[in-house]
Amino acid sequence: MKLERFKVEDLTIMLGIGATFVGTVVGAGFASGQEIYRFFSIQGLQGFLGVIGAIFLLGVFSEKVFRIGLAIKPKSYKEFLDFCLGTGSAGIADLMVTVFLIVLVGVMYAGSGAIFKEIGLGYWTGIALSLAIVILVLFQELPGLIAANLIIVPLMFTGALVVSIYALQNRCIDRLPQATDYSWILAAVQFSSYNLVLAVPVLLSLCGKYSSPAHLKLGGWVGSIILGIMAALIHWSIIFHLSHLENSPLPMLDLARLAGDWLYWIYAMVLWCEMLTTLLANIYGVAKRLVAATGWGFRFWVVILSQVGILIGEIGFSNLVSKFYPLFGYLCLVVLFLMIGKKVPKKMEAKG
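Residues numbered from 1 in each chain as written. Predicted model: local features only at pLDDT ≥ 70, side-chain atom pairs only at ≥ 80, totals over all residues. Heavy atoms only, no water.

Caption draft 1: Quick peek at the environment of isoleucine 55. Of note, isoleucine 55 is situated in helix 4 (residues 47–72). Residues isoleucine 55 and phenylalanine 191, 136 residues apart in the sequence, show an inter-C-alpha distance of 9.8 Å. Every residue in contact with isoleucine 55, bar those within four places of it in the chain, is listed here: Trp221, Ser224, Ile225 and Gly228. (Helix = DSSP H or I, 4+ residues; strand = E, 2+ residues; numbered from the N terminus. Contact = heavy atoms within 4.5 Å.)

This is how it looks when you write it as structure tokens:
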């Protein structure tokens, strides 16, 4: 019985780590299908190879983040950047990551309001509900974040699966496009680096909660595989309807609309939940960074960051995405390549 309970506990921990990883990565761009279209579906059949490559890279580099996190025990992602980049370059990277994560908080608040406006419930209804959930969850700190992801991630996966099944059963084209080069390789690297750097603050916090390298390693791979399956489902859904979705800002929501009002409403709520997970993760990561820098309370920063994010959201969802995402993508590539070559000293790793 003790062995059985231990195995169940191990599985619960790994699922919690994996769900938190997925919830951090899956946001408005991923869930709406726009991010998958831009990185993979535009590559045609070869885009699926990009998805497979991204799964592998996310798994490998999440494991590397966990190894570094266990070794150096950082209080925030600033110390992680110091270790990977050196104190000089890390200061610039820290500022850029912090600014981008705060902007991303604004993006998720704006996106939440836009979804509720789209379904006729009002922009500020979405903002108010999102704010209430942020305070309810993050006032419990990391346990609250993990619990929220364990609830929301299965809903996200189910929603993507249902829409994908409908899209594949009612496909519009039989002859699939193919890319003539190997740009899917670059797409896999960009996708994985961008999403991994976004997840670093939360992944490092998991190192503080869980001390077992095996739990963290397997949890990272569980999250990577779930992300890969979701990305593949969305990719194939879009590619079989590519002629209708090339100019769509929300491809998966448009596919859900074709299936009827009930699925459209359900997927709109799923999309909101996916924005919530990214919103929670980003506020959590930046709040921890600011607590380490100022010594002020975590809950204080949760409230302040929410207020700042709501104000930033007034710029508009599409404007924020188009202006800030490309810039951050280049920074992520730099951090990823420097992290690849960073070796964790054996003594430090053993001490951690």
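Caption draft 2: Examining the nonpolar core more closely. The biggest cluster of nonpolar side chains holds 114 residues, and the ones touching the most others in it are Phe30, Phe80, Leu81, Leu138, Leu196, Ile283 and Met339. With 18 residues, helix 13 (residues 261–294) is the single largest residue contributor to this core. The contacts of leucine 138, once residues within four sequence positions are left out, are Leu145, Leu280, Ile283, Tyr284, Phe298 and Val302. (Core = buried A, V, L, I, M, F, W, Y, C linked by side-chain atoms within 4.5 Å. Buried < 20%, exposed > 50% of the residue type's maximum accessible area, 1.4 Å probe, protein only.)

Caption draft 3: View of the side chain of asparagine 195. Structurally, asparagine 195 is set in helix 9 (residues 183–209). With a relative accessible area of 0%, asparagine 195 lands in the buried category. Look past the residues within four positions of asparagine 195 in its chain and what remains in contact with it is Val25 and Glu35.

Caption draft 4: Here's a closer look at the pattern of salt bridges. Counted under the stated rule, the structure contains five salt bridges. The partner of aspartate 82 in a salt bridge is lysine 78, with the nearest N and O atoms 3.0 Å apart. Within this pair, aspartate 82 and its partner lysine 78 are both found in helix 5 (residues 77–85), separated by four residues, close to a single helical turn. Between glutamate 141 and lysine 288 there is a salt bridge, and its shortest N-O distance comes to 3.1 Å. With glutamate 141 in helix 8 (residues 141–169) and lysine 288 in helix 13, the pair connects residues that are 147 residues apart, well separated along the chain. Exposure remark for lysine 288: the relative accessible area of 24% places this residue in the partly exposed category. (Salt bridge = Lys/Arg side-chain N within 4 Å of Asp/Glu carboxyl O.)

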